[in-house]
Amino acid sequence: MGEGWSLDPDADRARALAVSQRAIELDREGRFVLAVGGHVLSFLGRKPREAIDLFDEALAINQNSAFAWG
């Protein structure tokens, strides 16, 4: 998606958002899950303010999470 290689960007975007949301539902305490969910929500979902909440949750679990800081 980010490099423009998707053959079906709308479907891939929807799938990425759904799968990342499901991962968060399954592991709300996973700092990496929350950080990836934040990246997907910001980049593909175009919801950076909501993504910040996920990054904050990830950093509350581990303030040294390089992926969440990134």
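A brief structural summary. Being a predicted model, the structure only gives us computed values, none of them experimental.

Thresholds, definitions, all that
Residues numbered from 1 in each chain as written. Predicted model: local features only at pLDDT ≥ 70, side-chain atom pairs only at ≥ 80, totals over all residues. Heavy atoms only, no water. Phe/Tyr/Trp six-rings, centres within 6.5 Å; stacked < 30°, edge-to-face > 60°. Helix = DSSP H or I, 4+ residues; strand = E, 2+ residues; numbered from the N terminus. Expected span 1.5 Å × (residues − 1). Buried < 20%, exposed > 50% of the residue type's maximum accessible area, 1.4 Å probe, protein only. Arc of directions from axis to C-beta. Contact = heavy atoms within 4.5 Å. Axes fitted to C-alpha atoms, helices over the stretch in contact; angles between N-to-C directions. Parallel < 35°, antiparallel > 145°, perpendicular 65-115°, else oblique. Left-handed = near helix turned anticlockwise from the far one by under 90°. Nonpolar A, V, L, I, M, F, W, Y, C, P; charged D, E, K, R; others polar.

1. Topic: the packing of aromatic side chains
Reasoning step 1: Overall, the coordinates contain one aromatic pair when judged by the stated rule.
Reasoning step 2: On the numbers, 5.0 Å between centres and 50° between planes, the contact of Phe-32 with Phe-67 is tilted. Of this pair, Phe-32 sits in helix 2 (residues 31–43) while Phe-67 sits in helix 4 (residues 66–69); the two residues are 35 residues apart in sequence, bridging distant segments of the chain.

2. Concerning helix 3 (residues 48–61)
Each α-helix winds once per 3.6 residues, and so residues spaced three or four apart point in a common direction.
Reasoning step 1: For helix 3, spanning 14 residues, the distance from its first C-alpha to its last is 20 Å, which sits close to the expected 20 Å at 1.5 Å a residue.
Reasoning step 2: Of all the residues in helix 3, the buried ones are Ala-51, Leu-54, Phe-55, Ala-58 and Leu-59. The buried residues of helix 3 occupy one face: seen down the axis, they fall within an arc of 135°. In helix 3, the exposed residues that point more than 90 degrees away from the buried face are Arg-49 and Ala-60.
Reasoning step 3: Of the surrounding secondary structure, the elements contacted by the buried residues of helix 3 are helix 1 (9–26), helix 2 and helix 4.

3. A word on the environment of Gly-37
Reasoning step 1: Here Gly-37 lies in helix 2.
Reasoning step 2: Residues Gly-37 and Phe-55, spaced 18 residues apart in sequence, show a C-alpha to C-alpha distance of 8.5 Å.
Reasoning step 3: Setting aside its immediate chain neighbours within four residues, Gly-37 contacts Ser-20, Ile-24 and Leu-54.

4. Considering the packing of helix 1 against helix 2
The description of two packed helices rests on the angle between their axes and on the distance between the axes.
Reasoning step 1: With their axes 9 Å apart at the nearest point, helix 1 and helix 2 run at an angle of 155° to one another. Viewed along their axes, helix 1 and helix 2 adopt a mutual orientation that is roughly antiparallel. Where helix 1 crosses over helix 2, the handedness of that crossing is left-handed. Of the residues in helix 2, those in contact with Ala-16, Leu-17, Ser-20, Ala-23 and Ile-24 of helix 1 are Val-33, Leu-34, Gly-37, Val-40 and Leu-41.
Reasoning step 2: Here the contact of helix 1 with helix 2 is composed, by residue class, of eight nonpolar, two polar and no charged.

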